[in-house]
Amino acid sequence: MSGRLVYLMGPSGSGKDSLIDAARDALAQLDCVVARRVITRSAESVGEAVQGLTPLAFAELAREGGFALSWRANGLDYGIPVQIDQWLAQGLHVLVNGSRAHLSLAKERYPQLLPILLSVDPDVLRERLHRRGRESREEIEARLARNTLFAGGAVEDESGGIFLLDNSAELSTTLARLLALLGNEGIVEKPRSA
Ligand SMILES: Nc1ncnc2c1ncn2[C@@H]1O[C@H](COP(=O)(O)OP(=O)(O)OP(=O)(O)O)[C@@H](O)[C@H]1O
Ligand SMILES: O=P(O)(O)OC[C@H]1O[C@H](OP(=O)(O)O)[C@H](O)[C@@H]1O
């Protein structure tokens, strides 16, 4: 039986990495693996544990079929290693930190994927990006501007089967709601044989 791809997306700064980190132990109990992304981001950047590659090395890996999913955003290339297909085939669930713009292509490859959109109040988002301090002021403005591409669009629409998760308040509240959602979708701890 194959596992389910959990596709977590949302604006830069909405808290995807924080939520994934907070959920890591609980996800392991649910046989849900978190995919490690490959990003052409400099190794000095603060943030999630990713594999950093040069644009050239990234392109080479993409040509060799190394990515199950890949996209370009915020001036960077992002890739999800093709290894996730093995995990899914083994019955493990896989959570990816995805891109809103890439959702429709991701759905083509993984029709059963569970799309979750993390959102946050715009003023809170700006404040969190500045406080995190990973990007320059200009880069932060570009990231905030990118959100207008999605405002009011299909990706915000729950009727398209996308689950909306608000992270404007406490992370622990968002975590509890994420785990409840996964449970409702049948992603539950498997009974262990003695
Ligand atoms: N519920 C929350 N309450 C307060 N601060 C939060 C909350 N969730 C996340 N943060 C903080 O907001 C900032 C952005 O969070 P995070 O880096 O997890 O976002 P992200 O969606 O992964 O962004 P990106 O896509 O750019 O990597 C971080 O400094 C994080 O500590
Ligand atoms: O704007 P959209 O298409 O949703 O996504 C763009 C990409 O930017 C963010 O990454 P990061 O802030 O560079 O870590 C997201 O995680 C995503 O991968």
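Residues numbered from 1 in each chain as written. Chains lettered and ligands numbered in written order. Predicted model: local features only at pLDDT ≥ 70, side-chain atom pairs only at ≥ 80, totals over all residues. Heavy atoms only, no water.

In the annotation of an unreviewed UniProt entry, the entry for the protein reads Ribose 1,5-bisphosphate phosphokinase PhnN, and the organism field reads Pseudomonas kielensis. Regarding the protein, the UniProt comment filed under Catalytic activity (unreviewed entry) reads as follows: "alpha-D-ribose 1,5-bisphosphate + ATP = 5-phospho-alpha-D-ribose 1-diphosphate + ADP". What the UniProt record of the protein gives under Function (unreviewed entry) is the line "Catalyzes the phosphorylation of ribose 1,5-bisphosphate to 5-phospho-D-ribosyl alpha-1-diphosphate (PRPP)." (UniProt positions renumbered as here; feature names shortened; annotations may be inferred.)

### Topic: the site of ligand 2
Taken together, 17 residues form the shell around ligand 2, and within it Tyr 78, Ser 99, Arg 100, Arg 143 and Arg 146 come nearest. Separating an oxygen atom of ligand 2 from a side-chain N or O atom of Asn 97 is a distance of 3.0 Å. Protein chains bury 97% of the 440 Å² of accessible surface belonging to ligand 2 in isolation. Residue assignment for the shell around ligand 2 shows that the elements contributing at least two residues are strand S5 (67-73) and helix H6 (137-146). Residues that form the shell around ligand 2 fall into these classes: five nonpolar, five polar and seven charged. (Near = heavy atom within 4 Å. Polar contact = N/O pair within 3.5 Å; in protein donor to acceptor, adjacent residues only side chain to side chain. Areas by Shrake-Rupley, 256 points an atom, 1.4 Å probe, with all protein chains shown as cover. Helix = DSSP H or I, 4+ residues; strand = E, 2+ residues; numbered from the N terminus. Nonpolar A, V, L, I, M, F, W, Y, C, P; charged D, E, K, R; others polar.)

### Details of the site of ligand 1
Looking at ligand 1, there are 16 residues lining it, with Ser 12, Lys 16, Ser 18, Arg 132 and Ala 169 nearest. Contact distances for ligand 1 include 3.3 Å between an oxygen atom and a backbone N or O atom of Ser 14. Between an oxygen atom of ligand 1 and a side-chain N or O atom of Ser 18, the distance comes to 2.6 Å. Contact with the protein chains covers 80% of the free accessible surface of ligand 1, which is 630 Å². At the level of secondary structure, the elements contributing two or more residues to the shell around ligand 1 comprise helix H1 (16-29) and helix H5 (122-132). Looking at the shell around ligand 1, the element that brings in the most residues is H1, giving three residues. Grouping the constituent residues of the shell around ligand 1 by class yields three nonpolar, six polar and seven charged.

### Section: the sheet that holds strand S7 (residues 93-97)
An order of S2-S7-S1-S8-S9 is seen for the five strands of this open sheet, with the pairing classed as parallel. If you trace the sheet from one side to the other, it starts and ends with strand S2 (32-34) and strand S9 (163-166), each paired once. The sheet shows a mean angle of 25° between the axes of neighbouring strands, taken without regard to direction. Sheet analysis places strand S8 (residues 114-119) next to S9, joined by four bridges and oriented parallel. Directly across from Leu 117, in S9, lies its bridge partner Leu 164. Of the strands in this sheet, strand S1 (5-9), S8 and S9 touch helix H7 (residues 171-184), which is tilted by about 160° from S9. (Pairing = 2+ DSSP bridges. Axes fitted to C-alpha atoms, helices over the stretch in contact; angles between N-to-C directions. Contact = heavy atoms within 4.5 Å.)

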